[in-house]
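Geometric and topological summary
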Amino acid sequence: MTAVSVSPTGALLELRDVHKSFGHIEVIKGVSLKVSKGEHVVIFGPSGGGKSTLLRMMNLLEVPDSGMVCFEDRPYFPHPGNILDRASKLQQLRSQIGMVFQRFNLYPHLTALQNVSLALTDVKKLSRKAAREKAEACLADVGLQERIEHYPAQLSGGQQQRVAIARALAMDPKLMLFDEPTSALDPELIGEVLGVMEKLAREGMTMVVVTHEMGFAKRVGDYLVFVSGGVIAEAGGREILAHPQQERTKAFLDAVL
Amino acid sequence: MRVDWNPTNYQFAWEVVAEYRVWLFEGVLLTLKIALVSMAFAMVLGLFVALLRMSPIWPIRSLASLYISIFRAIPPLVFILWMYYGVTLVTGVNIEAFTSGVICLSLQYAAWLAEIYRSGLQAIDKGQGEAAMSTGLSRTRAFTRVIWPQAWRIIIPPIANNLVGIIKDSSLVGVIGLNELMRQSQIATSLTFRPFELYTAAMVIYIVLTLAIARMASFLEQRAARSLKVQTRRVPATASSIRTAA
């Protein structure tokens, strides 16, 4: 098998002309996107437009049908190498990319601390003690030092999502993906989660955020991407919120703002 | 009208139960041995079949489906006789009665258990495995650390039901000469002509065994579900917010 050569682009993550169909429906119709180190990319657009699928391709939770996914100029899709080390390559990619889900996806049978430390002992091979200390520090970072022994069911939605953020951060990711992190939250709890995310952005974390929170997009986004109908309909700096060039973007923004 | 509870004026002789207690006890031991060994094999094989049944590759999936449908359709008594008398005759391989009985019960219960495993595993949100894999866990580790511990809680009660079932079905292997509880009572009956007393004793023993398993299962269930209980008690946040918004 010949190795796929990639010319260095300097991007941390790159999607190159990715396509994805579910059954007969093509949800991603050729998208190319680069995420540079330290950049905060916000993806927005109507439901069913392919935002989440696009985000999930970045850590290959969703495998494209065609195109290319590169991280630090190394291709992870098409799968490099033979079928035997495919799984370990995937693990390698994912352990460098943190992901936060709309519905938190905390492990209900484990405490907040165990939720955070699981991958530390399992993937990073830290000792129990080191993992515990690291997990405690990460939970303290999101303001939950008082809640480490609580089970997810004993926490509010906002607290659960902050545990989920801590779980992702504990792996020292180079990139954080957020898949509508506040969409499942009560309005009064959204602020605490956005607060943690903004702090993370200020500290220089590279982030890709799928969100409907246009206020957050305006404050944090460096590069805003409007995804609709499986393609990037418009992309640019914050100015596209105020002065969208495309009719579709304008119509969407009029509806949500 | 007066109900005559003993119209034949039958003279009970419960002392035969005491007299044959060692026989019955030996029968219970063999019953438990057959049931537990078969259950252990069935639990392992059943999980394997369940995983094949959920495979993304359709020929594997349909093969597992076929296994499940076939082994659930055969009456255990027919299967036991076929295996012990039929298969040995054709293959020339002399399988011991115990082995033969255990093979039959294991194969059949694996089919039932496979569907239980599948329902338990499918009840776990897909996001659980995704979250685990997004932090770099392998597919296998995501299964053993995140999915299985949650599925296990769901399947404890139906697994216990199947253990009860296998104990009762183990009474069928008496037909191939294994002296388990049922056959021991039968032999004792043929010697004493006391079917009522001895079969009553056998039934009581089966009931006690079943109750013991039920107790054990509810203990395991409670222990495993401690944190999930908290979850069911909590009112979902969205419900309260809808109320205040209205």
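Structure: above.
A brief structural summary. (Residues numbered from 1 in each chain as written. Chains lettered and ligands numbered in written order. Predicted model: local features only at pLDDT ≥ 70, side-chain atom pairs only at ≥ 80, totals over all residues. Heavy atoms only, no water.)

The next subject is the overall build of chain B. When helices and strands are counted, chain B shows 11 helices and 0 strands. Each helix and strand of chain B, ordered N terminal to C terminal, gives the series α-α-α-α-α-α-α-α-α-α-α. Since a compact globule built from 246 residues should have a radius of gyration of about 18 Å, the 24 Å found for chain B marks it as more spread out than a globular shape. Counting only residues that meet the buried cut, chain B has 42% of its 246 residues in that class. The contacts in chain B between residues at least 6 apart in sequence include a share of 77% that link residues at least 24 apart. Carbon and sulfur atoms form 67% of the exposed surface of chain B, whose accessible area is close to 14,000 Å². Once the 22 positive and 12 negative side-chain charges of chain B are each reduced to a mean point, those two points are 16 Å apart. (Helix = DSSP H or I, 4+ residues; strand = E, 2+ residues; numbered from the N terminus. Rg over C-alpha atoms; globule rule 2.2 N^0.38 Å. Buried < 20%, exposed > 50% of the residue type's maximum accessible area, 1.4 Å probe, protein only. Contact = heavy atoms within 4.5 Å. Areas by Shrake-Rupley, 256 points an atom, 1.4 Å probe, with all protein chains shown as cover. Lys, Arg positive; Asp, Glu negative; His and termini not counted. Charge placed at Lys NZ, Arg CZ, Asp CG, Glu CD.)

Moving on, we come to helix 1 (residues 51-58) of chain A. Given 3.6 residues per turn, any residue in an α-helix points the same way as the ones three and four places further on. Of all 8 residues that make up helix 1 of chain A, 7 are buried, and the element is covered over most of its length. Here helix 1 of chain A has its buried residues at Lys51, Thr53, Leu54, Leu55, Arg56, Met57 and Met58 of chain A.

Before going further, it helps to spend a moment on the nonpolar core. Counting residues in hydrophobic clusters, the biggest one holds 85 residues, and the most contacted among them are Ile165, Met176 and Met207 of chain A. Looking at this core, the element that brings in the most residues is helix 6 (residues 187-202) of chain A, giving 8 residues. In contact with Ile165 of chain A, other than residues within four places in its own chain, are Val100, Val142, Met176, Phe178, Val193, Val196 and Met197 of chain A. Within the second largest apolar cluster, 51 residues are counted, among which are Ile68, Ile80, Ile167 and Leu209 of chain B. (Core = buried A, V, L, I, M, F, W, Y, C linked by side-chain atoms within 4.5 Å.)

Listed as interface residues are 27 residues of chain A and, on the opposing side, 27 residues of chain B. Across the interface of chain A and chain B, roughly 2,300 Å² is buried in total on both sides, 55% from carbon and sulfur atoms. Here chain A and chain B share 4 salt bridges between them. A salt bridge links Arg145 of chain B to Asp122 of chain A; the nearest nitrogen and oxygen atoms lie 2.8 Å apart. Linking chain A with chain B are 9 residue pairs in polar contact (both at pLDDT 80 or more). Counting residues per element, the ones that place at least two in the side of chain A that touches chain B are helix 2 (86-94), strand 6 (97-100) and helix 3 (112-122) of chain A. (Buried area = accessible area lost by both parts, 1.4 Å probe. Salt bridge = Lys/Arg side-chain N within 4 Å of Asp/Glu carboxyl O. Polar contact = N/O pair within 3.5 Å; in protein donor to acceptor, adjacent residues only side chain to side chain.)

We now examine the sheet that holds strand 1 (residues 13-22) of chain A. Residue and element names in this part refer to chain A. Read from one edge to the other, the open sheet built from 4 strands follows the order 2-1-4-5, with strand pairing classed as antiparallel. The open sheet has two edge strands with one neighbour each: strand 2 (25-35) and strand 5 (74-77). Here the strands of the sheet are splayed against their neighbours by 30° on average, with no regard to which way each runs. Of the pairings in the sheet, the one linking strand 1 to strand 2 comprises 8 bridges and is antiparallel in character. Bridge pairing links Lys20 to Ile28 in strand 2. (Pairing = 2+ DSSP bridges. Axes fitted to C-alpha atoms, helices over the stretch in contact; angles between N-to-C directions.)

The terminal C-alpha atoms of helix 9 (residues 195-224) of chain B, which comprises 30 residues, lie 43 Å apart, in line with the 44 Å expected from a rise of 1.5 Å per residue. Taken as a whole, helix 9 of chain B has its buried residues at Glu197, Leu198, Thr200, Ala201, Ala202, Tyr206, Leu209, Ile213, Ala217 and Ala224 of chain B. (Expected span 1.5 Å × (residues − 1).)

Let us look at the packing of helix 5 (residues 97-122) of chain B against helix 7 (residues 139-169) of chain B. Residues and elements named next belong to chain B. One way to put it is that helix 5 packs onto helix 7 with a least axis distance of 9 Å and a crossing angle of 140°. Of the two elements, helix 5 crosses helix 7, and the hand of that crossing is right-handed. Here helix 5 contributes Leu105, Tyr109, Trp112, Leu113, Ile116, Tyr117, Gly120 and Leu121 to the contact with helix 7, which in turn contributes Phe143, Ile147, Trp148, Ala151, Ile154, Ile155, Pro158, Ile159, Asn162, Gly165, Ile166 and Asp169. When its residues are assigned to classes, the contact of helix 5 with helix 7 shows 16 nonpolar, 3 polar and 1 charged. (Left-handed = near helix turned anticlockwise from the far one by under 90°. Nonpolar A, V, L, I, M, F, W, Y, C, P; charged D, E, K, R; others polar.)

Further remarks concern the pattern of salt bridges. Counted by the stated rule, this structure contains 21 salt bridges over all chains. Between Lys174 of chain A and Glu72 of chain A there is a salt bridge, and its shortest N-O distance comes to 3.2 Å. Linking Lys174 of chain A in the loop between helix 5 (157-169) and strand 7 (175-179) with Glu72 of chain A in the loop between strand 4 (66-71) and strand 5, this pair joins segments that are 102 residues apart in sequence. Under the relative-accessibility criterion, Lys174 of chain A is labelled partly exposed at 36%. By relative accessible area, which is 28% here, Glu72 of chain A ends up partly exposed. One salt bridge in this structure joins Glu198 of chain A and Arg219 of chain A, with 2.7 Å as the shortest N-O distance. Remark: Arg219 of chain A occurs in helix 7 (residues 214-220) and Glu198 of chain A occurs in helix 6; sequence separation between them is 21 residues. Classification of Glu198 of chain A by relative accessible area gives buried; the value is 18%. Its relative accessible area of 46% is what places Arg219 of chain A among the partly exposed residues. Each of Arg56 and Glu62 of chain A together with Lys126 and Glu130 of chain B takes part in one network of salt bridges that share partners.

With that out of the way, let us pick up unusual backbone geometry. Residue and element names in this part refer to chain A. Here Phe77 and Pro78 are connected by a cis peptide whose omega angle stands at -5°. Position of Pro78 relative to the elements: it lies in the loop between strand 5 and helix 2. Its identity is not glycine, yet Asp172 carries a phi of approximately 50°, on the positive side. Summarising the element assignment, Asp172 is placed in the loop between helix 5 and strand 7. Exposure remark for Asp172: the relative accessible area of 46% places this residue in the partly exposed category. Residues other than glycine seldom take positive phi values, yet Glu180 does so here, at roughly 45°. Tracing the backbone through its elements, the reader meets Glu180 in the loop between strand 7 and helix 6.

Turning our attention to a nonpolar patch on the surface. Among the surface-exposed residues, Trp5, Phe12, Trp14 and Phe196 of chain B lie close enough to one another that they form a single nonpolar patch of about 510 Å² accessible area. With respect to the helices and strands, Phe12 of chain B occurs in the segment before helix 1 (15-19). (Patch = residues over 30% accessible without salt bridge, like charges linked within 9 Å, V, L, I, M, F, W, Y side chains within 5 Å.)

The values reported here are purely geometric and, on their own, carry no functional implication.
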